[in-house]
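Report on the structure
The primary structure of each chain is shown beneath.
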Amino acid sequence: MLLKALRIGLGQLVVFADWISRPHKLKRSPEAQAEVERATANLALYQFHACPFCVKVRRNMHRLNLPVQLRDAKNDAEHRQALEQHGGRIKVPCLRIEENGQSTWLYESKAIIAYLDQRFAS
């Protein structure tokens, strides 16, 4: 019981620290931002709200000004089941990428950040 309370408290501390130190968003022209929004419509991040690795990915998405759909795999049974059935395991963060009618499930925060940087940073 004590460990659970400690874990919840630390998780909320991580979320609060993220909120107060969030990076500035990348500025784009309205046309460029509209193109980014079209491209991110095919992305979804499966995550836990207080997971430090998920916070790291969300901070990068905020910095790049990417409106990626967030899916709570901890509290939403439907998203958790989709992550396990289609992604192969319940592990977060996981970025689902829909391209050409196929889904790719990208795990590991470093790999997700590298993918987002390569695709959207310029």
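Predicted, not measured: the structure shown is a model, and the values here were computed from it.

1. A closer look at the sheet that holds strand S2 (residues 69-72)
The strand order across the open sheet built from four strands is S2-S1-S3-S4, with neighbouring strands paired in mixed fashion. The sheet is open, and its two edges are formed by S2 and strand S4 (102-107), each paired on a single side. The sheet shows a mean angle of 25 degrees between the axes of neighbouring strands, direction not considered. Both strand S1 (residues 43-47) and strand S3 (residues 94-99) contribute to a ladder of four bridges, which runs antiparallel. In the strand pairing of S3, Leu 43 is matched with Ile 97. Strands in contact with helix H5 (residues 109-120) are S1, S3 and S4; relative to S3, the strand with the most contacts, it is inclined by about 40 degrees.

2. Regarding helix H3 (residues 52-63)
Here H3 contains 12 residues, and its C-alpha end-to-end distance of 16 Å stays within 8% of the 16 Å for a straight helix at 1.5 Å per residue. What H3 keeps buried is the set Cys 54, Val 55, Val 57, Arg 58, Asn 60 and Met 61. Contact partners of the buried residues in H3: helix H1 (2-20), S1, S2 and H5. A positive phi of about 60 degrees marks Asn 65, the residue just after H3.

3. Observations concerning the nonpolar core
Counting residues in each nonpolar core, the largest one holds 16 residues, and the members touching the most others are Leu 43, Leu 66, Leu 95 and Leu 116. Those elements that provide at least two residues to this core are helix H2 (30-40), S1, H3, S3 and H5. With five residues, the single largest contributor to this core is H5.

4. Observations regarding the UniProt feature "domain: GST N-terminal" (unreviewed entry) in the protein
When the UniProt feature table is mapped to this numbering, "domain: GST N-terminal" (unreviewed entry) covers residues 41-122. Annotated as 43% helix and 26% strand, the span residues 41-122 places its first and last C-alpha atoms 18 Å apart.

5. Section: the pattern of salt bridges
Tallied over the entire structure, the rule returns five salt bridges. Glu 35 is the partner of Arg 38 in a salt bridge, and the nearest nitrogen-oxygen pair spans 2.9 Å. Here Arg 38 and its partner Glu 35 are both found in helix H2, three residues apart, which amounts to about one turn of the helix. A salt bridge links Glu 98 to Arg 96, with the shortest nitrogen-to-oxygen separation between them at 3.6 Å. On the basis of relative accessible area, Arg 96 is assigned to the buried category, the value being 15%.

6. Quick word on the packing of aromatic side chains
Taken as a whole and judged by the stated rule, the model has two aromatic pairs. On the basis of an interplanar angle of 35 degrees and a centroid distance of 6.1 Å, the ring pair of Phe 16 and Trp 19 is categorised as tilted. Of this pair, Phe 16 and Trp 19 both sit in helix H1, three residues apart, which is roughly one turn of that helix. Of the residues examined, Phe 16 reaches a relative accessible area of 46% and is grouped as partly exposed.

The rules we used
Residues numbered from 1 in each chain as written. Predicted model: local features only at pLDDT ≥ 70, side-chain atom pairs only at ≥ 80, totals over all residues. Heavy atoms only, no water. Pairing = 2+ DSSP bridges. Helix = DSSP H or I, 4+ residues; strand = E, 2+ residues; numbered from the N terminus. Axes fitted to C-alpha atoms, helices over the stretch in contact; angles between N-to-C directions. Contact = heavy atoms within 4.5 Å. Expected span 1.5 Å × (residues − 1). Buried < 20%, exposed > 50% of the residue type's maximum accessible area, 1.4 Å probe, protein only. Core = buried A, V, L, I, M, F, W, Y, C linked by side-chain atoms within 4.5 Å. UniProt positions renumbered as here; feature names shortened; annotations may be inferred. Salt bridge = Lys/Arg side-chain N within 4 Å of Asp/Glu carboxyl O. Phe/Tyr/Trp six-rings, centres within 6.5 Å; stacked < 30°, edge-to-face > 60°.

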